[in-house]
Amino acid sequence: MVEKKSLWNTDIMAQALVDAFRKLDPRWMVKNPVMFVVEVGSVLTTALLIDNTIHHRAGFGFNLQITLWLWFTVLFANFAEAMAEGRGKAQADTLRKAKGETIAKRYKADGSFEEMPAACCAPGT
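Residues numbered from 1 in each chain as written. Predicted model: local features only at pLDDT ≥ 70, side-chain atom pairs only at ≥ 80, totals over all residues. Heavy atoms only, no water.

### Considering the overall build of the chain
Thought 1: Scanning the chain from terminus to terminus reveals four helices and two strands.
Thought 2: Sequence-ordered secondary structure for the chain, helices as α and strands as β, is α-α-α-α-β-β.
Thought 3: Based on the C-alpha atoms only, the size of the chain along its principal axes is roughly 90 × 25 × 15 Å.
Thought 4: In the chain, of all internal contacts separated by at least 6 residues, the share reaching a separation of at least 24 is 53%.
Thought 5: When the accessible surface of the chain is summed, it comes to about 9500 Å², and 67% of that surface belongs to carbon and sulfur atoms.
Thought 6: One way to put it: in the chain the 15 positive side-chain charges average out to a point 2 Å from where the 13 negative ones average out. (Helix = DSSP H or I, 4+ residues; strand = E, 2+ residues; numbered from the N terminus. Contact = heavy atoms within 4.5 Å. Areas by Shrake-Rupley, 256 points an atom, 1.4 Å probe, with all protein chains shown as cover. Lys, Arg positive; Asp, Glu negative; His and termini not counted. Charge placed at Lys NZ, Arg CZ, Asp CG, Glu CD.)

Spelled out as structure tokens, the structure:
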């Protein structure tokens, strides 16, 4: 029987967290134009926040809030995508494993049966 894994599997989540930061690479982000624009906006607002802080301009709180929300949006989108990829890979691995481990029962003429790997079975045998 195939074991069920939790949606919040710590192995998948840990890898997804690493991948969320790895996917900040613009070469990766350009594949998703909307998130690429959000990432560019995040970088620009971060630069503006640093510039305003150095020059003691007003509006620090507002700029900080916008910058944090934009970075949160990019990182959360990357994390969600990485979680989906991780769960998909885990499910594919589970299906591959189950395919090789499935046992079939073949009935013999005398009424008994023998167990054999399901991969070895063919219809009518």
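### Some thoughts on the pattern of salt bridges
Thought 1: Across all of its chains, the model carries seven salt bridges by this definition.
Thought 2: Taking the shortest distance from any N to any O, the salt bridge between K23 and E85 comes out at 3.1 Å. Of this pair, K23 sits in the loop between α1 (10–22) and α2 (26–29) while E85 sits in helix α4 (residues 60–101); the two residues are 62 residues apart in sequence, bridging distant segments of the chain.
Thought 3: As a salt-bridge pair, R106 and E114 come within 2.7 Å of each other at their nearest N and O atoms.
Thought 4: Among the ionic contacts, a cluster of salt bridges with common partners joins K23, E81 and E85. (Salt bridge = Lys/Arg side-chain N within 4 Å of Asp/Glu carboxyl O.)

### Thoughts on the confidence of the model for the chain
Thought 1: Averaged over all residues, the pLDDT of the chain equals 86, while 90% of them reach at least 70.
Thought 2: Here strand β1 (residues 103–107) stands out as the least confident element of the chain, with mean pLDDT 81; helix α3 (residues 33–54) is the most confident, with 95. (pLDDT = per-residue confidence, 0-100.)

### So, the side chain of N78
Thought 1: With respect to the element layout, N78 can be found in helix α4.
Thought 2: Exposure remark for N78: the relative accessible area of 2% places this residue in the buried category.
Thought 3: The residues touching N78, leaving out its near neighbours within four places in the chain, are A20, K23, L24 and M29. (Buried < 20%, exposed > 50% of the residue type's maximum accessible area, 1.4 Å probe, protein only.)

### Some remarks on α1
Thought 1: Here α1 is 13 residues long and its end C-alpha atoms lie 18 Å apart, about the 18 Å a rise of 1.5 Å per residue gives.
Thought 2: Among the residues of α1, I12, A16, D19 and A20 are the ones counted as buried. Each buried residue of α1 sits inside an arc of 105 degrees when the element is viewed along its axis, so together they form one side. For α1, the exposed residues lying more than 90 degrees away from the buried face are T10, D11 and R22. (Expected span 1.5 Å × (residues − 1). Arc of directions from axis to C-beta.)

### Quick notes on the nonpolar core
Thought 1: Counting residues in each nonpolar core, the largest one holds six residues, listed as I12, A16, A20, F79, A82 and M83.
Thought 2: Listing elements by their share of this core, those giving two or more residues are α1 and α4.
Thought 3: Counting residues in each nonpolar core, the second largest holds five residues, with L24, M29, V38 and V74 among its members. (Core = buried A, V, L, I, M, F, W, Y, C linked by side-chain atoms within 4.5 Å.)

### Considerations on the environment of T45
Thought 1: Along the chain, T45 turns up in helix α3.
Thought 2: For T45, a relative accessible area of 18% gives the class buried.
Thought 3: Each C-alpha atom, one on T45 and one on N63, is 7.0 Å from the other, the two residues being 18 residues apart in sequence.
Thought 4: Filtering out sequence-adjacent residues up to four positions away, T45 remains in contact with I66, T67 and L70.
Thought 5: Within the local environment of T45, its side chain forms a polar contact with the side chain of T67, the two groups lying 3.3 Å apart. (Polar contact = N/O pair within 3.5 Å; in protein donor to acceptor, adjacent residues only side chain to side chain.)

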